[in-house]
Amino acid sequence: MSTLDLSDRNLLSTLDLSVDEVREVVELALEIKHGAHRPDFRGRVAALLFFNPSVRTRLSSEAAISRFGGSAVAFHAGKDTWNFECRDGVVMDGATQEHVRELAPVISRMSDVVGIRKSELITVGNADAGVTSDYRELKRDEFLHAFAEHAEVPVINLESNTWHPMQGLADAMTMVEALGDPRGRKYVLTWAWHPKSLPVATPHSQLLAAADLGMDVTILRPDGWSLDQEVVAAARSRAEALGGGVRESDDVEAAYRGAHVVCAKAWGSLDYYGRFAEEAHAKRVLREGWIVDAAKMARTDGARFLHCLPVRRNVVVADAVLDGPWSAVKDEAENRLWTAAAIYVAMLGGGR
Ligand code: CP
């Protein structure tokens, strides 16, 4: 029986959980998946606020509570709701009608846990986005943190500009399932070409997942597409404490050789952040060399292939990999359900 208690905590960043807590979540999720632990969420409600589209995150967040007796209410912000304000002291005579200072406590009093997905670039990574070009500003995840400050129940980040903690936990669970103890095993997080400039939240949390398992991590990316160096440093510190490590490389051949896990993700350049036309021009030569294909996977040590989904076939990864023996993407997606259930147990209690 897990003793992990997150009842007075939020999960806003992947770094909000210690390495030991990540392991506890994964163990609990495995117990739930295999029927050794049955959560009891009767009478409990999850409120889920989505500013962006979702399949896996929304369904897993809803199903994880409903399958065990609770219920979920999901809103699409701005469509099902008022437009929300999070800045203090603002004169609200524009497009926003409700402030998080009221919104967060009101939602809290009608629910037991709140999930929020809000990423400025998740669907609009192009020159038409009209978003700030300052990654440091977006990195503050202002709405999420303001909401959490005024909430009276635990808040879960369902993907922000900086982190996607629930994806990281599902990846960690999938690697434990595939490898047993992944400590010291070779993990490659490979950048992939994509027509849009996607956010860095998911690769950040995926990087941390491998680091928290003590893996030998290579971030494989072209020059100019480094992840946030604060995140890389945190991951390195956590991996090294477990005997693993984190290096960055643009050597595709060497990175794949002997790998046990290849995780692909497209992300936008922080160097070009907001200058999407310039970025598109710079990356036009990268399209061919960075796709995950069967030839690259053949150099690995029978690696499992991970991708958070959705994925563009034959752009990010070839059919032969997704449909071949390497692919663990369906297990990875399913594990979103079990890790969400584990987080709810830790936040809401309940279970037998
Ligand atoms: N991986 C993931 O978060 O999927 P969705 O965007 O469909 O929720």
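As the structure is a prediction and not an experimental result, all values here were calculated from the model.

Colleague: Sorry, what's going on with the site of the ligand here?
Modeller: Around the ligand, the neighbouring residues are S54, V55, R56, T57, R117, H164, Q167, C308, L309 and R336. For the ligand, an oxygen atom lies 2.6 Å from a polar atom in the side chain of S54. Residue C308 places a main-chain N or O atom 3.0 Å away from a nitrogen atom belonging to the ligand. Two domains each put at least three residues into the shell around the ligand: domain 1 (39-162) and domain 2 (167-332).

Colleague: What should I look at first to understand unusual backbone geometry in this one?
Modeller: A negative phi angle is the norm for most residues apart from glycine, just as the trans form is the norm for most peptide bonds. Of the consecutive residues L309 and P310, the connecting peptide bond is found in the cis state with omega at 0°. Looking at where P310 falls in the secondary structure, it is placed in the loop between β11 (304-306) and α12 (319-322).

Colleague: It is not clear to me how the domain arrangement of the protein chain should be interpreted in this structure. Could you clarify?
Modeller: The figure often quoted for interface size is the accessible area lost as the parts come together. In terms of domains, the protein chain is made up of domain 1 (39-162) and domain 2 (167-332). The centre of domain 1, based on its C-alpha atoms, is set 27 Å off from the matching centre of domain 2.

Colleague: Explain empty space enclosed by the protein to me, please; I cannot follow it from the model alone.
Modeller: To find leftover empty space, one rolls a probe the size of a water molecule over the atoms. This structure, assessed with the given rule, holds three cavities of 30 Å³ or more. Roughly 70 Å³ of volume is contained in the largest cavity. Taken together, L11, T14, L17, V22, P165, G168, L169, A172, S205, L208, A209 and D212 make up the full set of residues lining the largest cavity. Breaking the lining of the largest cavity down by element, the ones donating at least two residues are α6 (165-179) and α7 (201-212). Looking at the lining of the largest cavity residue by residue, the class counts come to eight nonpolar, three polar and one charged. The computed volume of the second largest cavity comes to approximately 50 Å³. Lining the second largest cavity we find L48, S61, G115, I156, L158, M166, A340, I343 and Y344. Here the element with the most residues in the lining of the second largest cavity is helix α13 (residues 329-348); it accounts for three residues. Looking at side-chain class alone, the lining of the second largest cavity contains seven nonpolar, two polar and no charged residues.

What counts and how
- Residues numbered from 1 in each chain as written.
- Predicted model: local features only at pLDDT ≥ 70, side-chain atom pairs only at ≥ 80, totals over all residues.
- Heavy atoms only, no water.
- Near = heavy atom within 4 Å.
- Polar contact = N/O pair within 3.5 Å; in protein donor to acceptor, adjacent residues only side chain to side chain.
- Domains from an automatic or database assignment.
- Helix = DSSP H or I, 4+ residues; strand = E, 2+ residues; numbered from the N terminus.
- 1 Å grid on protein atoms, 1.4 Å probe; cavity = no way out; pocket = protein on both sides within 12 Å on 5 of 7 lines; lining within 4 Å.
- Points joined across faces, edges and corners; volume = space filled by probe spheres on them.
- Nonpolar A, V, L, I, M, F, W, Y, C, P; charged D, E, K, R; others polar.

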